[in-house]
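Breakdown of the fold
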Amino acid sequence: MRVVHIVWNQPKEGETQQAVEVTLVGGLTVVPASGTETVKVTGAARAAVARSADGPAVSVKAFYSQ
């Protein structure tokens, strides 16, 4: 799996929300069946989180990857 930190725009009413910045958090992480893993926020991802901490809408998403 991989994890990304997404900063979203704040659109006017009736417009769709778009990602304005997507930052990879960590690298490829293997999670065993029925297991858990911790992905540390460092480097560029840590800087992205700090920049957007008091601002626009953000989310953190995990997705399957190879």
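Keep in mind it's a predicted model, so treat the numbers as computed, not measured. (Residues numbered from 1 in each chain as written. Predicted model: local features only at pLDDT ≥ 70, side-chain atom pairs only at ≥ 80, totals over all residues. Heavy atoms only, no water.)

**Looking at the pattern of salt bridges**
- Per the stated rule, a full pass over the model turns up one salt bridge.
- We note a salt bridge from R51 to E21, for which the minimum N-O separation is 2.4 Å. With R51 in helix α1 (residues 43–52) and E21 in strand β2 (residues 19–25), this pair connects stretches of sequence that are 30 residues apart.
- Accessibility expressed as a relative area gives 26% for E21, which makes it partly exposed. (Salt bridge = Lys/Arg side-chain N within 4 Å of Asp/Glu carboxyl O. Helix = DSSP H or I, 4+ residues; strand = E, 2+ residues; numbered from the N terminus. Buried < 20%, exposed > 50% of the residue type's maximum accessible area, 1.4 Å probe, protein only.)

**Looking at the sheet that holds strand β3 (residues 58–63)**
- The strand order β2-β1-β3 describes an open sheet built from three strands, whose pairing is antiparallel. Two strands in the sheet have a free side with no partner beyond their single neighbour: β2 and β3. Sheet twist, expressed as the average angle between the axes of neighbouring strands with direction ignored, equals 25 degrees.
- Alignment of strand β1 (residues 2–8) against β3, held across six bridges, turns out to be antiparallel. Note on β3: the bridge partner recorded for V3 is A62.
- Sheet strands touched by α1: β1, β2 and β3. Its angle to β2, the strand with the most contacts, is close to 140 degrees. (Pairing = 2+ DSSP bridges. Axes fitted to C-alpha atoms, helices over the stretch in contact; angles between N-to-C directions. Contact = heavy atoms within 4.5 Å.)

**What about the environment of Q18?**
- Inspection of the secondary structure assignment puts Q18 in the loop between β1 and β2.
- Expressed as a C-alpha distance, the spacing of Q18 and V7, which sit eleven residues apart in the sequence, is 8.7 Å.
- Excluding its chain neighbours within four sequence positions, the residues that come into contact with Q18 are V7, W8 and N9.
- Of the polar contacts made by the side chain of Q18, one reaches the side chain of T16; its length is 2.8 Å. (Polar contact = N/O pair within 3.5 Å; in protein donor to acceptor, adjacent residues only side chain to side chain.)

**Quick word on the pairing of β1**
- Across the seven residues that make up β1, a large majority, five, are buried.
- Here six bridges tie β1 to β2, and the two strands are oriented antiparallel to one another. The residue of β2 that forms the bridge with V3 is V25.

**Comments concerning α1**
- Listed as buried for α1 are A45, A48 and S52. Looking straight down α1, one finds that the buried residues subtend no more than 60 degrees of arc, so they occupy a single side. Residues of α1 that are exposed and point over 90 degrees away from its buried face: G43, R46 and A50.
- Each element contacted by the buried residues of α1 is listed here: β1, β2 and β3. (Arc of directions from axis to C-beta.)

These figures capture arrangement, not role.
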